[in-house]
Amino acid sequence: IASKFTVAYMLKKRFSLDVTVTYSKSTGHPQNEYMVALFEALYQKSIYSIETLDLNDFEWIFLVDTNLTATNLPFTDAQMNLLKQKKVAILDHHTPRDAATGIIPSFLDAGGIGVSATATRVTEYLKDYNITLKKEDPEENLLATALICAIEIDSSNRPKSKRDYEAIIYLL
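Here goes a summary of the coordinates provided. Predicted model, so just to flag it, every value in this text is computed and none were measured.

**What about the packing of aromatic side chains?**
Throughout the structure, instances matching the rule amount to 6 aromatic pairs. Consider the rings of F15 and Y129, whose centres lie 6.0 Å apart with planes at 90°: the pair is edge-to-face. Taken together, the positions of F15 in helix 1 (residues 2-15) and Y129 in the loop between helix 4 (118-128) and helix 5 (138-154) put the pair 114 residues apart, joining distant regions of the chain. An aromatic cluster is defined as three or more aromatic residues linked by ring pairs; in this entry it consists of F5, F39 and Y43. The positively charged end of K12 is found above the aromatic ring belonging to Y43, 5.7 Å away from the centroid.

So this is what it looks like as structure tokens:
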């Protein structure tokens, strides 16, 4: 969730793009549901469930931290067929495990060596684009806090890498 919102923030700030953040009805973890609620409160609007959107309304689809496999994507069959025809970007610390999705990404940054969390890669993009998240700004403070939490959660069952620690330090 943290990575999705931060990617959206970067796309708005760096490229002035209009971005819609979505999530699956089943966020998978209570902390993700809590994070969605925090962002909804911050932005004072509901965050859309991916299952309710018409993908025809979007030029690009970014799949962020989805652990891409044919069995765990939240899309309907109709959405999956449409997704195969769209420009798709994938940003994930998981390596795509099968080709059964039929999705051929226009941009792929997945299965990064030396990172335990997608949030680490997202933080590296912040650094690359010279975007510093300021504590005084409520949105930027929530993004930084959420990214640190995401790195901690994703690395809880494996050792943190040097890049994970560098990302946390950058966000503090």
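**Here we look at the packing of helix 1 against helix 5**
Two elements in contact, helix 1 and helix 5, have axes whose closest approach is 9 Å; the angle formed by their N-to-C orientations is 140°. Classified by the angle their axes make, helix 1 and helix 5 are oblique. In terms of crossing hand, the pair formed by helix 1 and helix 5 is left-handed. Where helix 1 approaches helix 5, its residues A2, S3, F5, T6, Y9 and K13 are matched on the opposing element by E139, E140, L143, A146, L147 and A150.

**Side note on the packing of helix 4 against helix 5**
Direction vectors running N to C along helix 4 and helix 5 enclose 145°, while the axes themselves pass 8 Å from each other. In this structure, helix 4 uses T118, A119, T120, V122, T123 and L126 to contact helix 5, whose residues at the interface are L147, A150, I151 and D154. A per-class count over the contact of helix 4 with helix 5 returns 6 nonpolar, 3 polar and 1 charged.

Scoring rules and cut-offs
- Residues numbered from 1 in each chain as written.
- Predicted model: local features only at pLDDT ≥ 70, side-chain atom pairs only at ≥ 80, totals over all residues.
- Heavy atoms only, no water.
- Phe/Tyr/Trp six-rings, centres within 6.5 Å; stacked < 30°, edge-to-face > 60°.
- Helix = DSSP H or I, 4+ residues; strand = E, 2+ residues; numbered from the N terminus.
- Lys NZ or Arg CZ within 6 Å of the ring centre and 35° of its normal.
- Axes fitted to C-alpha atoms, helices over the stretch in contact; angles between N-to-C directions.
- Parallel < 35°, antiparallel > 145°, perpendicular 65-115°, else oblique.
- Left-handed = near helix turned anticlockwise from the far one by under 90°.
- Contact = heavy atoms within 4.5 Å.
- Nonpolar A, V, L, I, M, F, W, Y, C, P; charged D, E, K, R; others polar.

These results come straight from atomic positions and should not be treated as a statement about function.
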